[in-house]
Amino acid sequence: MVVTGAADEGSRMNEQVRTGDIAGAAVSALPRGAGPAVTAKVRARHVDVFYGDKQALKDVSVDIPARAVTAFIGPSGCGKSTFLRCINRMNDTIPTSRVSGQITIDGEDIYDPRLDVVQLRARVGMVFQKPNPFPKSIYENVAYGPRIHGLARNKPELDGIVMSSLEKAGLLKEVRDRLGDSGTSLSGGQQQRLCIARAIAVSPEVILMDEPCSALDPIATARIEELIDELRENYCIIMVTHSMQQAARVSQRTAFFHLGELIEQGDTTDIFTNPRNRQTQDYITGRYG
Amino acid sequence: MSDVSSTLRTGPATGHWRTAAQQRRLRRRYAADRRMQILGLGAIGLAVALLGILFGSLVYSGYLAFAQTRVVLEFRIDPALVQPDRIQDGNFRSIIRQALFQQFPEVTSRRQQTELAKLLSPGAEWIVRDHVQANPELVGRTVNLLVPVADPYDQLSKGVIPRDVPESQRRLGDEAIGWLDSLDRRGLVRTTFAWELFLNADSRFPEMAGLAGAMTGSFLTLLVCLLLSIPLGIAAAVYLEEFAPKNRLTSLIEVNINNLAAVPSIVFGLLGLAVFLGFLGLPRSAPLVGGMVLSLITLPTIVIATRATLKAVPPSIREAALAIGASKHQVMMHHVLPMAMPGIMTATIIGLAHALGETAPLLLIGMNAFIPSVDSIGLLEPATALPMQIYSWADSPERGFVARTSAAILVLLGFLVAMNAVAIYLRQRFERTWS
């Protein structure tokens, strides 16, 4: 429903673009040159997404750097989650969805028909809004990915992957003695860190996070944010968030979406202190959203 | 904040909740609530009462079948009548008669002796024979055995045949009653649990008739039904729910599966008769064919219920598995099916319980064979099933079969309750909590 509404309003936006509104000018804007040079890990060009007849995303072009946290912000239904789900092709599971344009990871087109989507998803991990551990043991939750992708040759190797993933997710200390317990028996924050451990167990290059803290209390949120900050040294992290404070705290790059269009993108400090676009300014100062 | 509270205090609705009209409305609402509750309680009460009447009447008419009147007699295994090396060909009929006549030396006329011999069940012969066969050293010695009396005497002892009506309107004459009373005075008559009901196969004689044959037949039939309907049902449901393209053909198939669940079972029986027996030439009355027909009946139920449980598996689990790079098949086999399994099992057991009580389709493929021995039952041999046994007993004229019919219904209901209990247990035991 949300997506439908966004697409409706999106087509109205389109007219504004044609009339030369300032919002339209920002749509095709590429990353600003300010700040350190950006090496793009994920590169999107002119991406359109349709659900049936409704256009959910319009002409999105963005460069996302490796080893940094990029935050997607914007009001509900603005297409930021839709775009996130394009990067690991989770939109493929929705039968009516259609994606056009080009998204590359390290220069490789991920919508190339010859590309294996299962391998893509092993390279691009994802953490969801609501913690969704499998109803299996903590160990099995983390071991599942390496096992189906054949990343461990034997049990000790698998144990090693599980332990180091839990360690990296900052969960090992809490669950070391109860790896056999069900993943669902953990608290919400622990479950979310378990999901992060599960995602990094298959050594992805990119980790997508779809509002990873929105179902958590402030303390659990702080722990996840710390974790994200540590992880960015090794991974390209893209996160969708509703909290502008969170985007400001955690991310180095920020992209602002509105009504299916990418309005503005740039270094987080620039976006929050000196937004170029009027809509961005209104949104981050809480005037609408 | 102060704006809001002042509006509440001084707003136009002040005192509105205390007006007479508002009070009336409130009373009407309470009355409607009460009416609703009384109606619901009444409906439940009626259902419970009817169920109570059903069970009460079944137990009332059936409990006598669980007891059997027997007499202890001293049998002399005469070597002249039974050769030790050919025990099965021995003349046990004479041994029985001698043992009985020994108790009544005053009965001498041939007519009276013939009458007296009818006191014992014809099955007594086989009981003594089996005992001697198991203990060959008994030949030439005497042995005390508890043997069942014939049905009329059993009914007399249980009070089903009244003593206070004129002799001409009674199944047993005064003389016959005298014989049983005489044995009773000597302490030779016992009433014990009727093991025959569970251990014997069918028989023409009510006191020897049991459910073992029908239970074996039902078990084999359900086994075939289970082995066919679980893999077929789950495979069909998984394909339709997870893999089938959503087009006109699949929606047509879906609608028809739902319709099949409502087709009268006798139609499936006709189909079995035409296809399995007529076209494929499978043996008549066999549990194999019975199971195939019953699986036709349970399949739609299992497919529908399995799809419902698959749908109920939270999408977050599928997404989690997909996002980690599991293929569609892996998501299905590793996550969705295991989570749906308790629901599928429950549906299957309830489907099987339904199949256990099914009568009409089995009648059409001739699964109402008379099975006097459990040994003869096989997948391809003629067999009968519990509901068919009930049907044929209900049709029998002997007094003893009245109680046996009710007892058989109680046994069938017992199986149904047990199967449903297993289903409930599985559902509660394996139902997992997930986020």
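Residues numbered from 1 in each chain as written. Chains lettered and ligands numbered in written order. Predicted model: local features only at pLDDT ≥ 70, side-chain atom pairs only at ≥ 80, totals over all residues. Heavy atoms only, no water.

Caption draft 1: Structural context of a positive patch on the surface. Residue and element names in this part refer to chain B. A surface patch of positive charge is lined by R24, R25, R27 and R28. Tracing the backbone through its elements, the reader meets R28 in helix α2 (residues 20-62). Given a relative accessible area of 55%, R28 falls into the exposed group. (Patch = residues over 30% accessible without salt bridge, like charges linked within 9 Å, V, L, I, M, F, W, Y side chains within 5 Å. Areas by Shrake-Rupley, 256 points an atom, 1.4 Å probe, with all protein chains shown as cover. Salt bridge = Lys/Arg side-chain N within 4 Å of Asp/Glu carboxyl O. Lys, Arg positive; Asp, Glu negative; His and termini not counted. Charge placed at Lys NZ, Arg CZ, Asp CG, Glu CD. Helix = DSSP H or I, 4+ residues; strand = E, 2+ residues; numbered from the N terminus. Buried < 20%, exposed > 50% of the residue type's maximum accessible area, 1.4 Å probe, protein only.)

Caption draft 2: Layout of a nonpolar patch on the surface. Residue and element names in this part refer to chain B. A cluster of nonpolar side chains, namely L271, V275, F279 and L280, defines an oily patch on the protein surface of about 400 Å² accessible area. Looking at where L271 falls in the secondary structure, it is placed in helix α11 (residues 265-279). What makes L271 partly exposed here is its relative accessible area of 40%.

Caption draft 3: Quick peek at the interface of chain B and chain A. Taken together, the 19 residues of chain B in the interface contact 26 residues of chain A. Interface area, chain B with chain A, both sides summed: about 1800 Å², of which 62% is carbon and sulfur. Between the two partners, chain B and chain A, sit one salt bridge. Residues R85 of chain A and E319 of chain B are paired through a salt bridge, measuring 2.9 Å at the closest nitrogen-oxygen approach. At the surface where chain B touches chain A, the tally comes to six residue pairs in polar contact (both at pLDDT 80 or more). Looking at the side of chain B that touches chain A, the elements that each hand over two or more residues are α13 (315-323) and α14 (328-356) of chain B. For the side of chain B that touches chain A, the element with the highest residue contribution is α13 of chain B, accounting for seven residues. The class makeup of the residues in the side of chain B that touches chain A is nine nonpolar, eight polar and two charged. (Contact = heavy atoms within 4.5 Å. Buried area = accessible area lost by both parts, 1.4 Å probe. Polar contact = N/O pair within 3.5 Å; in protein donor to acceptor, adjacent residues only side chain to side chain. Nonpolar A, V, L, I, M, F, W, Y, C, P; charged D, E, K, R; others polar.)

Caption draft 4: Region of the structure containing the environment of G269 of chain B. Residue and element names in this part refer to chain B. With respect to the helices, strands and loops of the structure, G269 is situated in helix α11. C-alpha of G269 to C-alpha of P166: the two residues are 103 residues apart in sequence and 49 Å apart in space. Ignoring anything within four residues of it in the chain, the contact list for G269 reads V293, P361, L364 and I365.

Caption draft 5: Here's a closer look at the sheet that holds strand β2 (residues 54-65) of chain A. All names here are of chain A. Read from one edge of the open sheet, four strands run β2-β1-β4-β5, paired in antiparallel fashion. Sheet topology places β2 and β5 (108-109) at the edges, where each strand pairs with a single neighbour. In terms of strand pairing, strand β1 (residues 40-51) meets β2 through eight bridges, oriented antiparallel. Looking across to β2, one finds that V49 is bridged to L57. (Pairing = 2+ DSSP bridges.)

Caption draft 6: Region of the structure containing the domain arrangement of chain B. Once the domains are mapped, chain B shows domain 1 (2-63), domain 2 (66-208) and domain 3 (212-430). Here domain 1 of chain B and domain 2 of chain B have C-alpha centroids that lie 65 Å from each other. (Domains from an automatic or database assignment.)

Caption draft 7: Main features of the packing of aromatic side chains. Residue and element names in this part refer to chain B. A full pass over the atoms with the stated rule returns 11 aromatic pairs over all chains. Ring centres 6.4 Å apart and planes at 25° place the aromatic pair F66 and F193 in the stacked group. Here F193 lies in strand β3 (residues 189-193) and F66 lies in the loop between α2 and β1 (67-76), a separation of 127 residues in the sequence. The partly exposed category is assigned to F193, whose relative accessible area is 36%. Of the aromatic side chains, those joined through ring pairs into one cluster are F66, F193, W195 and F198. (Phe/Tyr/Trp six-rings, centres within 6.5 Å; stacked < 30°, edge-to-face > 60°.)

Caption draft 8: Molecular detail of the sheet that holds strand β7 (residues 206-210) of chain A. Residue and element names in this part refer to chain A. The strand order across the open sheet built from six strands is β6-β7-β8-β3-β9-β10, with neighbouring strands paired in mixed fashion. Where the open sheet ends on each side, the last strands, each with one partner, are β6 (124-127) and β10 (261-267). Adjacent strand axes in the sheet meet at a mean angle of 15°, parallel and antiparallel pairs treated alike. Of the strand pairs in this sheet, β7 and strand β8 (residues 236-240) are connected by five bridges, and their pairing is parallel. Within β8, the residue paired with D210 across the bridge is V240. Relative to the sheet, helix α8 (residues 188-200) contacts β6 and β7, its axis offset from that of β6 by approximately 170°. (Axes fitted to C-alpha atoms, helices over the stretch in contact; angles between N-to-C directions.)

Caption draft 9: Highlighting the packing of helix α16 (residues 386-394) of chain B against helix α17 (residues 400-430) of chain B. Residue and element names in this part refer to chain B. Between α16 and α17, whose axes approach to 9 Å, the crossing angle comes to 165°. By the angle between their axes, α16 is roughly antiparallel relative to α17. α17 is crossed by α16, and the crossing has left-handed handedness. Contact with α16, carried on its side by L386, I390, W393 and A394, involves F401, R404, T405, A408, I409, L412 and F415 of α17 and no other residues of that element. Taken together, the residues of the contact of α16 with α17 break down into nine nonpolar, one polar and one charged. (Parallel < 35°, antiparallel > 145°, perpendicular 65-115°, else oblique. Left-handed = near helix turned anticlockwise from the far one by under 90°.)

Caption draft 10: Structural detail: the nonpolar core. Counting 55 residues, the largest nonpolar core has V42, F72, F83, I87, I238 and F257 of chain A as the members making the most contacts within it. For this core, the element with the most residues is α14 of chain B, which contributes seven residues. Residues within four places of I87 of chain A in sequence aside, it is in contact with V42, I64, I105, I110, L120, V124, L208 and I238 of chain A. In terms of nonpolar packing, the next biggest core, distinct from the first, is built from 45 residues, A65, I371, A423 and L426 of chain B among them. (Core = buried A, V, L, I, M, F, W, Y, C linked by side-chain atoms within 4.5 Å.)

Caption draft 11: Up close: α13 of chain B. I317, R318, A320, A321, L322 and A323 of chain B are the residues of α13 of chain B that are buried. Backbone geometry just downstream of α13 of chain B places G325 of chain B in the positive-phi region, at approximately 100°.

Caption draft 12: Local environment of the pattern of salt bridges. Residues and elements named next belong to chain A. The final tally for this structure, using the stated rule, is 32 salt bridges over all chains. In this structure, D63 and R45 form a salt bridge, with 3.1 Å as the shortest nitrogen-oxygen distance. Separated by 18 residues along the polypeptide, D63 in strand β2 and R45 in strand β1 bring together distant segments of the chain. Overall, D63 belongs to the buried group, its relative accessible area being 11%. For R278, the salt bridge goes to D282, with nearest N and O atoms at 3.6 Å. Here R278 pairs with D282, and both are found in helix α12 (residues 278-284), just four residues apart, close to one helical turn. Among the residues examined, D282 registers a relative accessible area of 15% and is labelled buried.

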